[in-house]
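A look at the structure
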Amino acid sequence: MASNDINQYTTQLVELLSLIQSVGSTSYRSKETQLQSIHTDVNDTEISSLMSSILVELGKINERMIDMTWLNEHLRILHDFGRTCSQTLNEKVLMEKAYQLVSQVMPTDAFFIALYEEGNQKIQIPFMMDDGEFLHSIEIPFDDNSFTVKVIKSRETIHAKTAKELNEFNYIIGTGEGNTCIYVPLLIDDEVKGVISAQSNREFAYRKEHEDLLQIIGNQVISSINTARLYTRNYEMSLTDEMTGLGNYRAFHSDLEKIIKEHADSVSLLMIDSDGLKCINDRYGHHAGDLYLKIIARGMESISCTRAKAYRYAGDEFMFIIENSSISELRLVFEELRFFLNQNPIQINGTSITVSISGGGAIYPLHATSSETLKKNADIALYRAKKAGKNHFVLFIDDLSSHTS
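Residues numbered from 1 in each chain as written. Predicted model: local features only at pLDDT ≥ 70, side-chain atom pairs only at ≥ 80, totals over all residues. Heavy atoms only, no water.

1. Quick look at the pattern of salt bridges
According to the stated counting rule, one finds 12 salt bridges in the structure shown. Between Glu329 and Arg307 there is a salt bridge, with its nearest N and O atoms 2.6 Å apart. Taken as a pair, Glu329 in helix H12 (residues 327–343) and Arg307 in the loop between helix H11 (286–301) and strand S9 (308–314) lie far apart in primary sequence, 22 residues in all. Judged by relative accessible area, Glu329 falls into the buried class, the value being 18%. On the accessibility criterion, Arg307 (31% relative accessible area) is partly exposed. In this structure, Arg338 and Glu335 form a salt bridge, with 3.2 Å as the shortest nitrogen-oxygen distance. Pair noted here: Arg338 and Glu335 are both in helix H12, with a separation of three residues, about one helical turn. Arg338 gets classed as buried once you look at its relative accessible area, which sits at 11%. For Glu335, a relative accessible area of 24% gives the class partly exposed. Because the salt bridges share partners, they merge into one network encompassing Glu117, Glu191 and Lys193. (Salt bridge = Lys/Arg side-chain N within 4 Å of Asp/Glu carboxyl O. Helix = DSSP H or I, 4+ residues; strand = E, 2+ residues; numbered from the N terminus. Buried < 20%, exposed > 50% of the residue type's maximum accessible area, 1.4 Å probe, protein only.)

2. Things to note about the environment of Ala198
With respect to the element layout, Ala198 can be found in strand S7 (residues 191–200). Residues Ala198 and Thr180 lie 18 residues apart in sequence; the distance between their C-alpha atoms is 8.5 Å. Setting aside anything within four residues of it in sequence, one finds Ala198 in contact with Val102, Met106, Thr108, Ala110, Thr180, Cys181, Ile182, Tyr206 and Leu214. (Contact = heavy atoms within 4.5 Å.)

3. Concerning the sheet that holds strand S8 (residues 267–274)
Ordered in space as S9-S10-S8-S13-S14, the five strands form an open sheet in which the pairing is mixed. Of all strands in the sheet, those bounded by a partner on one side alone are S9 and strand S14 (393–395). Between one strand axis and the next, the sheet turns through 20° on average, direction left out of account. As judged from the seven bridges shared by S8 and strand S10 (residues 317–323), these two strands associate in the antiparallel manner. When the bridges of S10 are listed, Ile272 appears paired with Phe318. Where helix H13 (residues 371–387) meets the sheet, it contacts S8, S9, S10, strand S13 (357–364) and S14, and its direction lies at approximately 145° from that of S13. (Pairing = 2+ DSSP bridges. Axes fitted to C-alpha atoms, helices over the stretch in contact; angles between N-to-C directions.)

4. With respect to the pairing of strand S2 (residues 122–130)
Where strand S1 (residues 110–115) and S2 come together, five bridges link them in antiparallel fashion. When the sheet's bridge partners are listed, Phe112 is paired in S2 with Met128. What sits between S1 and S2 in their antiparallel hairpin is a turn of six residues, with Gly119 showing a positive phi close to 95°. When S2 meets strand S4 (residues 138–141), the two strands line up antiparallel, connected through four bridges. Across the sheet, residue Gln124 finds its bridge partner in S4, namely Glu139. Following S2, the chain reverses through two residues before pairing antiparallel with strand S3 (residues 133–135); Asp131 in that reversal takes a positive phi of roughly 55°.

5. Focus: the layout of surface pockets
The rolling of a water-molecule-sized probe over the atoms marks out the regions of remaining empty space. Size it by volume and the largest pocket reaches roughly 190 Å³. Leu115, Tyr116, Glu117, Lys193 and Arg229 are the residues nearest the centre of the largest pocket, which is lined by 14 residues in total. Elements supplying a minimum of two residues to the lining of the largest pocket: S2 and helix H8 (208–238). Ranked by the residues each element gives to the lining of the largest pocket, the list is headed by H8, at five residues. (1 Å grid on protein atoms, 1.4 Å probe; cavity = no way out; pocket = protein on both sides within 12 Å on 5 of 7 lines; lining within 4 Å. Points joined across faces, edges and corners; volume = space filled by probe spheres on them.)

6. Focus on helix H9 (residues 249–262)
With 14 residues, H9 extends 20 Å from end C-alpha to end C-alpha; this agrees with the ideal 20 Å at 1.5 Å per step. Within H9, burial applies to Ala251, Phe252, His253, Leu256, Ile259 and Ile260. (Expected span 1.5 Å × (residues − 1).)

7. Focus: the confidence of the model for the protein
With 86% of its residues at a pLDDT of at least 70, the protein reaches an overall mean of 84. Contacts for the low-pLDDT stretch residues 170–176, under 50 throughout, to residues beyond four places or in other chains number 20 contacts. Per-residue pLDDT stays below 50 along residues 399–405; that stretch engages in 15 contacts with residues further than four places along the chain or on separate chains. (pLDDT = per-residue confidence, 0-100.)

8. Focus: a nonpolar patch on the surface
Residues Leu89, Tyr231 and Tyr235 make up a contiguous nonpolar surface patch of roughly 330 Å² in combined accessible area. Here Tyr235 is to be found in helix H8. (Patch = residues over 30% accessible without salt bridge, like charges linked within 9 Å, V, L, I, M, F, W, Y side chains within 5 Å. Areas by Shrake-Rupley, 256 points an atom, 1.4 Å probe, with all protein chains shown as cover.)

9. Brief notes about the side chain of Asp273
Within the element layout of this structure, Asp273 appears in strand S8. Polar contacts involving the side chain of Asp273 include one to the side chain of Lys386, which spans 3.0 Å. Beyond its immediate stretch of four places on either side in the chain, Asp273 contacts Asp316, Glu317, Ser356, Ile357, Ser358, Leu382 and Lys386. (Polar contact = N/O pair within 3.5 Å; in protein donor to acceptor, adjacent residues only side chain to side chain.)

10. What to know about unusual backbone geometry
Glycine aside, residues mostly have negative phi angles, and peptide bonds mostly take the trans form. A cis amide bond links Tyr364 to the next residue, Pro365, at an omega of 5°. Structurally, Pro365 is set in the loop between S13 and H13. The backbone of Arg155 sits at a positive phi, close to 60°, despite the residue not being glycine. With respect to the helices and strands, the residue Arg155 is situated in the loop between helix H6 (147–154) and strand S5 (158–160).

Next comes the structure, spelled out in structure tokens:
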């Protein structure tokens, strides 16, 4: 072997060693270029082919090293985001935090999170950012020609790297002229629940690891939103009477305490009891009794006073909490409910039956200094109304002759 060839091979090996040592660093590309320029001067075809194969494999290793390094550098950010997700059930806070994190690690001229429920013909986009500005939430039709719809239908990520690719679809969110975008489907239990997207005004702005990061953040967001909504539904169910849909015993006590604390000027309580449920149950059965209670609930929901909150307290006892109402308004609510029941009799086995009610009322702080005393005094007034013959209203401390008959 000629001395000149030995020198060339030695130089190549030295540069190859230097290249191997630079794998995963910012100097890799320049060293690779330098080695390639030396490599082209080698005359031995077999060695040249072997060197080309080595360079290809080193290039792949370098890419993997860069990806691993990039993700490792952002593990702390992902850890912090996971902690945020575990500490709040506020959907807006979760989405804002997701946007902040994505903006820290990749160019984000536009960003949005879309939510979707299978079978719906609309896709909600409750969170959108464009050039650092919040945009109003929107809905888009499920048959829209957009990347969002395509991702939901295909369940696959779209990574468009140039303006030409983007022009194929109606993709723009906001006013920007994006040239690169990533749309990632968000899945829970193999069901698409939404899409997370980042867009840049530069072409070729994103790498494969950006897709992975969006996937991780998006899945954390959608899982937390799903948990928050499930918790909200369960909580609301725990405060709702299953038969009538009104607030239940727990909701009544919670709301009464809260309203008295926040609105100390005046809080009225109207306690209502049916006059004939036992007779209906005994004569027609409990199904008829359920109808009897449901018509009372419908009547309570029809009351025109928007400040009146309705509850099924227990059995055939119902409650109205009315903020800042007068004595005359308290009586008016009772009369409006009684009028509704007179106009809407229930039909049982071909018989038309008008539901009758009695009512007792008390007002805070006129008749009570606490929620417990208020409820107790409304109950006393209701007892007086029932004792006086039913089907009328009595206000606490009222003389029996002052009731509405």
